[in-house]
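Breakdown of the fold
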Amino acid sequence: MKINTVIIGAGISGLSTANFLSKKTLDFIIVESSNKVGGIIDTHNERGYTCENGPNTVLNNNSGIQELLDDLKISDDLIYPNNNAIKNRYVLKDGKPIKIPLSFSEFFISPLFSMYSKIRILLEVFVKKHKHNTDVKSFISRRFGNEFHERLIVPFLTGIYADETKTMSAKHTLKTIWELEQNYGSVIIGLLKMKKSSKSKIFTFKNGLSHLINSLKNKFHSKIIFNSKISKIQKVSSGYDLFFSDGQRISCKNLISTIPSFSLSELVFDLKFKKILSKINYVPIDVFHFGFDKKNLENKIDGFGLLTKPEDEKNFLGILYSSNIFNHVAKKNKFLLTVLVGGKRQQNLCKEDPKKIEKLILTEVNDILKINTKPEFIKHYRWKRGIPTYNMSMSDVIDEIRKFENENSNFYIHGNFHNGVSVSDCILNSKKLVEANF
């Protein structure tokens, strides 16, 4: 079988690439090793609860997302949160939830930081900018002080990357902040000079984020080959030959990989690049969903959610107050919490029996939120390799990817392990890839 372009993987990167590519050509197929699409996007609906095992929201913050929504004719299906209901976000201090300040005025009266730390942050304008990339911990502590790093940045980035700030690349995980420092010499000055724009909104759909995936699946169903596991990729004069475990072979001119780095490392023919890919680490994540009857909740739970840090000594990374964010994910008199466990900090915990973890975190969550009742609904999902880490070798990884692409024409490396982990990043990068190369 010969085809012009093969897209490997039917996750959000592969499917959105297909969408943008379809505007230029229909001579392509999508090869998926499993019997389903979506990758990390996985919605589960049961007993009136809508549970997201992967991303819970998408941020509408770039042209690629809006174009994709318009192409699929689902822009009118978007459900936005009640901003007043979710504006409060919390971290723990001395075991109690403390609201994260969202403005300068809130910051200066917040009990989260000492007076020394508040003054120290103002001195950021006098700190010289970094000449070279550094880890997040060093970057933030140097510019804003250690307390700001420990009490705000650690829990915040843990909620996104589930990694340790002492190993994370500032340039690649704090892109906007890094660029502000590099361009203006100060993050604070950069923020003050930034042009005000309409605030990007997070969204979902009535039946969860799988609605986006299903819309793409329906559009490209005839282009997707399911249950097709590639065993080897071979470079040939006309492009690339893909060999499958069932003996099938497909030849193509263009090859776009959107699969995780650990899967791609098993297929590529370049031994050095194979080794680079195999070194990219993915941290495990356990996702627990707990549903409660509101009449049994003695205290109202407000806001978006709560994040923890190592010194809190908790067995979870964070809690999303899911039915506060989107009312429709639980019935009118019900309340849904989503609790995330694992990451680099708790990776050994993700090897334990889920029932053991469930008992541990319910005890802690109930104590923090003052819940005196058992959940009526419990759902668990385990990602053995959940989120790719963006450590200090990321610049080298990106350089090696570009080198590989330059040496192997029409072989493109796409996915969430090097250009941003969010759904928004994946969609925008799909648009950029197609526009630049097709």
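Residues numbered from 1 in each chain as written. Predicted model: local features only at pLDDT ≥ 70, side-chain atom pairs only at ≥ 80, totals over all residues. Heavy atoms only, no water.

**A few points about empty space enclosed by the protein**
The full count for this structure, using the stated rule, is one cavity of 30 Å³ or more. Those elements that provide at least two residues to the lining of the largest cavity are strand E4 (49-52), helix H14 (322-325) and strand E16 (334-342). A per-element tally of the lining of the largest cavity places E4 first, with three residues. In the lining of the largest cavity, the residues fall into five nonpolar, eight polar and one charged. (1 Å grid on protein atoms, 1.4 Å probe; cavity = no way out; pocket = protein on both sides within 12 Å on 5 of 7 lines; lining within 4 Å. Points joined across faces, edges and corners; volume = space filled by probe spheres on them. Helix = DSSP H or I, 4+ residues; strand = E, 2+ residues; numbered from the N terminus. Nonpolar A, V, L, I, M, F, W, Y, C, P; charged D, E, K, R; others polar.)

**A word on helix H17 (residues 423-437)**
Along its 15 residues, H17 runs 21 Å from first to last C-alpha, staying within 8% of the 21 Å computed at 1.5 Å per residue. Considering only its buried residues, H17 is in contact with helix H1 (12-21), strand E5 (58-60), helix H2 (63-72), strand E12 (249-257) and strand E18 (411-413). (Expected span 1.5 Å × (residues − 1). Contact = heavy atoms within 4.5 Å.)

**Focus: a nonpolar patch on the surface**
Judged by side-chain polarity, Phe 104, Phe 108, Ile 109, Leu 122 and Leu 192 come together as a nonpolar surface patch covering roughly 550 Å² of accessible area. Broken down by element, the residue count for the nonpolar patch peaks at three residues, all from helix H4 (residues 104-109). With respect to the element layout, Phe 108 can be found in helix H4. (Patch = residues over 30% accessible without salt bridge, like charges linked within 9 Å, V, L, I, M, F, W, Y side chains within 5 Å. Areas by Shrake-Rupley, 256 points an atom, 1.4 Å probe, with all protein chains shown as cover. Salt bridge = Lys/Arg side-chain N within 4 Å of Asp/Glu carboxyl O.)

**Examining the layout of surface pockets**
Of the volumes computed, that of the second largest pocket is approximately 970 Å³. At the level of elements, H1, helix H12 (261-264) and strand E17 (377-388) are the ones that each hand at least two residues to the lining of the second largest pocket. Considering each element in turn, the lining of the second largest pocket owes the most residues, six residues, to E17. For the lining of the second largest pocket, the class distribution of residues is 16 nonpolar, 14 polar and seven charged.

**What to know about the environment of Lys 99**
In this fold, Lys 99 is placed in strand E7 (residues 96-99). The partly exposed category is assigned to Lys 99, whose relative accessible area is 26%. In this view, Lys 99 contacts Asn 88, Arg 89, Tyr 90, Glu 106 and Ser 110; residues no more than four positions away in its chain are not counted. Of the polar contacts made by the side chain of Lys 99, one reaches the side chain of Glu 106; its length is 2.9 Å. (Buried < 20%, exposed > 50% of the residue type's maximum accessible area, 1.4 Å probe, protein only. Polar contact = N/O pair within 3.5 Å; in protein donor to acceptor, adjacent residues only side chain to side chain.)

**A few points about the packing of aromatic side chains**
Evaluation of the coordinates by the stated rule reveals 19 aromatic pairs. Seen in terms of ring centroids, Tyr 240 and Phe 269 are 6.3 Å apart; in terms of plane orientation they differ by 15°. Their pairing is stacked. Of this pair, Tyr 240 sits in strand E11 (residues 239-244) while Phe 269 sits in the loop between H12 and helix H13 (271-278), placing them 29 residues apart in sequence. A residue is classified by how much of its surface remains accessible, and Phe 269, at 30% relative accessible area, is partly exposed. Taken together through their ring pairs, the aromatic side chains of Phe 107, Phe 108, Phe 113, Phe 144 and Phe 148 make up a single cluster. (Phe/Tyr/Trp six-rings, centres within 6.5 Å; stacked < 30°, edge-to-face > 60°.)

**Section: the nonpolar core**
Counting residues in each nonpolar core, the largest one holds 54 residues, and the members touching the most others are Val 6, Ile 233, Leu 242, Leu 255 and Phe 411. Ile 65, Ile 224, Tyr 412 and Leu 433 belong to the second-largest nonpolar core, a separate cluster that totals 33 residues. (Core = buried A, V, L, I, M, F, W, Y, C linked by side-chain atoms within 4.5 Å.)

**A look at the pairing of E16**
The buried count for E16 comes to eight of nine residues, which makes it a mostly enclosed element. In this sheet, E16 lies alongside strand E13 (residues 282-293) in antiparallel orientation, the contact comprising nine bridges. When the bridges of E16 are listed, Phe 290 appears paired with Leu 337. Alignment of strand E15 (residues 318-320) against E16, held across three bridges, turns out to be antiparallel. By the bridge assignment for E16, Gly 318 is matched with Leu 340. (Pairing = 2+ DSSP bridges.)

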